[in-house]
Amino acid sequence: METLSNYIADYLELSGLAREILYAVLIVAVAAGVFMVALTISGLLTLAERRVAGRIQSRVGPNRVGPLGLLQWLADGLKLIMKEDLVPAAADGPLFRLAPYLVIVGVFAAFVSVPFGQLLIAADLNVGVIYLLAITSLVTVGVLMSGWASNNKWSLLGGIRAAAQIVSYEVPAVLAVLSVVLLSGTLSMQGIIAAQGGWPWHWYLFHNPFTFLAFFLYFTAAVAEGNRTPFDLPEAESELVSGYNTEYSGMRFAGFFLGEFANIYLMSAIATTLFFGGWQIPGVTPEQQATSWGLQLVGLLIFVAKASIGCFVVIWLRWTFPRLRVDQLMSVCYRYLVPLSLLCLAANAVYMLLIPAGSMIDRIIHYGTAAFGGLVGLIFLWRVFHHIRSVGDRLDLNVLARGQKGRFDPRIQARRYGKFRKKRYSKETG
Amino acid sequence: MGSFSEYLANIGRSIVTLGDGLAVTFSYLLRKPFTIQYPDRTEKPVVAMLPERSRGILEIDINVCTGCSICAKQCPIDCIHIEVVKDEETKQRVLKRFDIDVAKCMFCGLCVEACPVSGLRHTHEFEGSMSDVHRLMLSFVDKPQPVAKPAKKDEPAPETKPVGSIVRKLLADWWKPANPTSGGPR
Ligand code: SF4
Ligand code: SF4
């Protein structure tokens, strides 16, 4: 940021106040840019969620607005903007109005330190990971506030559940993240990525069996923190109507919604950074990548692809697992995740003590863990095909398929439908 | 130690079962959706895709009907209205009115089973949305006509019109506003 600002200022031969103003303008522009990117991402994710859900449930999903239904999210957003923004008479007005902004700010501010590419990060803070974990806690405040201010028992229950859940799951999430911080020796997002490499066996995911475990612990905890199924107790539509956002409508509801989906991307992006080597290109060192715009672009694409796969997994989890009970939720956290993540942290520390980095044993363990990961993937694929074959179904990879050809236009439909009638008519009645 | 091995077994069990659950849903991602996109993206009109014996809107071929009113008596919700009068000059029984209130009909098929001459039958038509519920009263008799005589033992059964042709004519009229034969508020 500062280098960019200085560069432009030097180019324009600015000095003093003008320089400062330029810097301020640039900051606002970058903030707006980050906000728009995050908005677009969460909008596209709502569409992805519905399409994946449709496919998993043997449906097609939204496919009428725009080509392949790709503009559905714009239509949804437009609808939500135009809806009336209701504040219940018994609600605590100012708090009620404020709450969605806290959720949005909490999630979207975290995008500032998401390393989309080697140079493409709004602010590479030296406490990046801690910043991310801290700023997303604003969401808890917003959710609790909305639950309280709604003056509605379901909302309050949802808000309290959210607070309890997020606070509990913060513990295993942080402990799992600490394993990676321990290995890389830095809290900066770019530093963590730079400590990894392009190939899978250079990733922290396959660094050793304990980081492999730490990834799953982190991911589970992150899903729980994001209030996603199977941990969506704060919303729990079958118990709490819609939980903390029951009373919200219009754009304020959309705020919660966008916050939730931006959070999905955020947790996938953090997982990509910490465990999947971020923007690293296989076979290219970070120094080489820094010199070429083309490689930068490839790095960006790689990052986005990895993060999108993460988002897909989160969505996929939602349409697979049933919701946990409250006591089960807490028992999963405190009986399983917390001890295991502590074990991971301790084991990683011991690992660093005993096995020098870059030694033969170190590398053999990397390859071994990567091979194990690949094996798990193969077994999974075998199960998938087993499930398809066992009911005599066939593979259909046309994921974007939207049924028969034809475009939605009431007139076309009416005309065609008229033709249908006439055809049948003439065939049967002569 | 027993509880610790149980603890480990819990973890193992949940990994295997959760993984298999994920495999099931993932396998659905790789299959063809079952849904057909009604009404404008089907290969054929949906009416033509229905199973042979599906029960749609009722129709009556009044050229076969003997005016016995068994169907009207069978109907549990009285949605068939038949009026038969005796013509004073020709001493014949005349079918004056044969209305079926499709809005009330629950497609149970009792009337169809009861009809001795198979004049009453289900078609495959089902698309009858209307802005006015009264227009769902289908009138099959335009002008009074003498009832049919039931066929004798050795006579062949009388020809009936193809299934669905009668109701489709009425359905086509439905879409024209204020058609007198389509019922209208009674
Ligand atoms: S199908 Fe059943 S409800 Fe409909 S008219 Fe016949 S007897 Fe009555
Ligand atoms: S439709 Fe059949 S049962 Fe009904 S009056 Fe006519 S002949 Fe009788």
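Residues numbered from 1 in each chain as written. Chains lettered and ligands numbered in written order. Predicted model: local features only at pLDDT ≥ 70, side-chain atom pairs only at ≥ 80, totals over all residues. Heavy atoms only, no water.

**Side note on the overall build of chain A**
If you tally the helices and strands in chain A, you get 16 helices and zero strands. On the principal axes, the C-alpha backbone points of chain A span a range of 85 × 60 × 55 Å. Each of the 430 residues in chain A was classed as buried or not, and the buried ones make up 47%. Only carbon and sulfur atoms are counted for the fraction: they give 70% of the accessible area of chain A, which is about 21,100 Å². Measuring between centres, the 34 positive side-chain charges of chain A sit 18 Å from its 25 negative side-chain charges. (Helix = DSSP H or I, 4+ residues; strand = E, 2+ residues; numbered from the N terminus. Buried < 20%, exposed > 50% of the residue type's maximum accessible area, 1.4 Å probe, protein only. Areas by Shrake-Rupley, 256 points an atom, 1.4 Å probe, with all protein chains shown as cover. Lys, Arg positive; Asp, Glu negative; His and termini not counted. Charge placed at Lys NZ, Arg CZ, Asp CG, Glu CD.)

**Things to note about the layout of surface pockets**
Residues and elements named next belong to chain A. Taken as a whole, the second largest pocket spans an internal volume of roughly 900 Å³. Elements with a contribution of two residues or more to the lining of the second largest pocket: helix H2 (17-56), helix H3 (72-82) and helix H11 (250-275). Looking at side-chain class alone, the lining of the second largest pocket contains 18 nonpolar, eight polar and eleven charged residues. (1 Å grid on protein atoms, 1.4 Å probe; cavity = no way out; pocket = protein on both sides within 12 Å on 5 of 7 lines; lining within 4 Å. Points joined across faces, edges and corners; volume = space filled by probe spheres on them. Nonpolar A, V, L, I, M, F, W, Y, C, P; charged D, E, K, R; others polar.)

**Side note on the environment of Glu83 of chain B**
Residue and element names in this part refer to chain B. The residue Glu83 is located in strand E2 (residues 80-86) in this model. Here Glu83 falls in the partly exposed class, since its relative accessible area comes to 33%. C-alpha separation for the pair Glu83 and Asp99, spaced 16 residues apart in sequence, amounts to 9.1 Å. The residues contacting Glu83, other than those within four sequence positions of it, are Val94, Leu95, Lys96 and Arg97. (Contact = heavy atoms within 4.5 Å.)

**Regarding the packing of aromatic side chains**
Given two aromatic rings, their pairing is described by the distance between the two centres and the angle made by the two planes. Residues and elements named next belong to chain A. For the structure on display, the rule yields 30 aromatic pairs over all chains. Between Phe108 and Phe111 the ring centres are 6.2 Å apart and the planes differ by 70 degrees, which places this aromatic pair in the edge-to-face class. Summarising the burial analysis for this pair, Phe108 and Phe111 share the class buried. An angle of 85 degrees between the planes, with centres 5.1 Å apart, marks the rings of Phe215 and Phe276 as edge-to-face. Of this pair, Phe215 sits in helix H9 (residues 209-225) while Phe276 sits in the loop between H11 and helix H12 (286-290); the two residues are 61 residues apart in sequence, bridging distant segments of the chain. A single burial state applies to Phe215 and to Phe276, both of which are buried. Counting every residue linked through ring pairs, the aromatic cluster contains Trp203, Phe206, Phe212, Phe215, Phe216, Tyr218, Phe219, Phe275, Phe276 and Phe372. (Phe/Tyr/Trp six-rings, centres within 6.5 Å; stacked < 30°, edge-to-face > 60°.)

**Re the confidence of the model for chain A**
All names here are of chain A. Taken as a whole, chain A shows an average pLDDT of 81; of its residues, 91% reach a score of 70 or greater. Scored below 50 in pLDDT, residues 404-413 shows 13 contacts in the model against residues more than four places distant or in partner chains. This model gives residues 419-430 a pLDDT under 50, and the stretch forms 17 contacts once residues within four places in sequence are excluded. (pLDDT = per-residue confidence, 0-100.)

**Some words on the site of ligand 2**
As a structural note, the neighbourhood of ligand 2 is formed by 13 residues, with Cys65, Cys68, Ser69, Cys71 and Cys115 of chain B the closest of them. Among the residues forming the shell around ligand 2, the class breakdown is ten nonpolar, three polar and no charged. (Near = heavy atom within 4 Å.)

**Points about a positive patch on the surface**
All names here are of chain B. A grouping of Lys86, Lys91, Arg93, Lys149 and Lys152 is seen on the molecular surface, where their side chains present a positively charged patch. Turning to its location among the elements, Lys86 is positioned in strand E2. On the basis of relative accessibility, which here comes to 55%, the residue Lys86 falls in the exposed class. (Patch = residues over 30% accessible without salt bridge, like charges linked within 9 Å, V, L, I, M, F, W, Y side chains within 5 Å. Salt bridge = Lys/Arg side-chain N within 4 Å of Asp/Glu carboxyl O.)

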